[in-house]
Amino acid sequence: MELIQNTPEISAYLAADEAIDHEHPRVRATAATLSADAPDAYAYAKAAFEFVRDAIPHSQDAGDPYVTWRASDVLARRTGICHAKAHALAALLRAEGIPTALCYQKFEVVHGLVAVKLPGEDRWARQDPRGNKPGVDAQFRLDREQLAFTARPECNELDHPVLFAEPHPVVLQCLREAVDRPHLWQTLPTDL
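These figures come from a predicted structure and were not determined experimentally.

**Brief notes about the sheet that holds strand β5 (residues 158-159)**
Sheet strands associate in pairs through backbone hydrogen bonding, adopting either a parallel or an antiparallel arrangement. Read from one edge to the other, the open sheet built from four strands follows the order β4-β3-β2-β5, with strand pairing classed as antiparallel. Two strands close off the open sheet at either side, each with one partner strand: β4 (125-127) and β5. Here strand β2 (residues 100-106) runs beside β5; their pairing, made up of two bridges, is antiparallel. Considered in β5, the bridge of K106 is made with L158. Running at roughly 15° to strand β3 (residues 110-116), helix α5 (residues 82-95) makes contact with β2 and β3 of the sheet.

Now the structure itself:
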């Protein structure tokens, strides 16, 4: 699948916004800690991915009803659904100058992940920080995708090819307005 930037300017994929608040002190401190042992951009990106995937439980898996959406809040509360975890990873990567896009898959509801463009790479590589569990084994890879879930077109599932510089407005609105995670599951879009 060919991934398509929704804006041609690569600088848009480095910008801070309300959800990807990479200028927040908590995001900066976490990025500094992760980068301390990373000799290059690849090592940092992998460390940031593994941190978000492993140290921040998916709120559904953890039974946490709280809904986070801003990257700094995800890092503070150590919880979030796929979209929130994608915001946190995007913020950590952008904090260190790595262009990061938000992208989506369509299952029963829209699933969120990121795409990164590391120095020296000529293409974007999708990564899924959702969190592993039995039957889910997402890994940081550039040679091929190893996402949490594979879209099955025969089941009306699909990979959206568009790379967004900001969270999709419909997804962000659902996250911001959710009273709790059960409410969020009722309002998340089934497609974009």
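**Side note on the packing of aromatic side chains**
Using the criterion set out here, one finds five aromatic pairs in the structure. Judged by centre distance (5.8 Å) and plane angle (50°), the ring pair of F49 and F140 falls under tilted. Remark: F140 occurs in the loop between β4 and β5 and F49 occurs in helix α2 (residues 41-55); sequence separation between them is 91 residues. When the ring of F107 is compared with that of F149, the centres are 5.8 Å apart and the planes differ by 70°; the resulting orientation is edge-to-face. Of the two residues, F107 sits in the loop between β2 and β3 while F149 sits in the loop between β4 and β5, which places them 42 residues apart along the sequence.

**Considering the side chain of D21**
On the secondary structure map, D21 appears in the loop between β1 (4-5) and α1 (25-35). Within the buried set, D21 has no salt-bridge partner at all; the shortest N-O distance to an opposite charge, 4.2 Å, is to R70.

**Describing the nonpolar core**
Generally speaking, a soluble globular protein has its nonpolar side chains buried in company with each other. Ranked by internal contacts, the top residues of the largest apolar core, which has 49 residues, are Y44, L92, L93, L102, V116 and L184. Those elements giving two or more residues to this core turn out to be α1, α2, α4 (71-77), α5, β2, β3 and α6 (169-177). The biggest single contributor to this core is α5, with nine residues. Ignoring sequence-local partners within four residues, the contact set of L93 consists of Y44, A45, A48, I98, T100 and V116. The next biggest cluster of nonpolar side chains, apart from the first, holds ten residues, and it includes L3, Y13, L113 and A115.

Conventions used here
Residues numbered from 1 in each chain as written. Predicted model: local features only at pLDDT ≥ 70, side-chain atom pairs only at ≥ 80, totals over all residues. Heavy atoms only, no water. Pairing = 2+ DSSP bridges. Helix = DSSP H or I, 4+ residues; strand = E, 2+ residues; numbered from the N terminus. Contact = heavy atoms within 4.5 Å. Axes fitted to C-alpha atoms, helices over the stretch in contact; angles between N-to-C directions. Phe/Tyr/Trp six-rings, centres within 6.5 Å; stacked < 30°, edge-to-face > 60°. Buried < 20%, exposed > 50% of the residue type's maximum accessible area, 1.4 Å probe, protein only. Lys, Arg positive; Asp, Glu negative; His and termini not counted. Salt bridge = Lys/Arg side-chain N within 4 Å of Asp/Glu carboxyl O. Core = buried A, V, L, I, M, F, W, Y, C linked by side-chain atoms within 4.5 Å.

Note that all results are geometric; they support no functional claim without further evidence.
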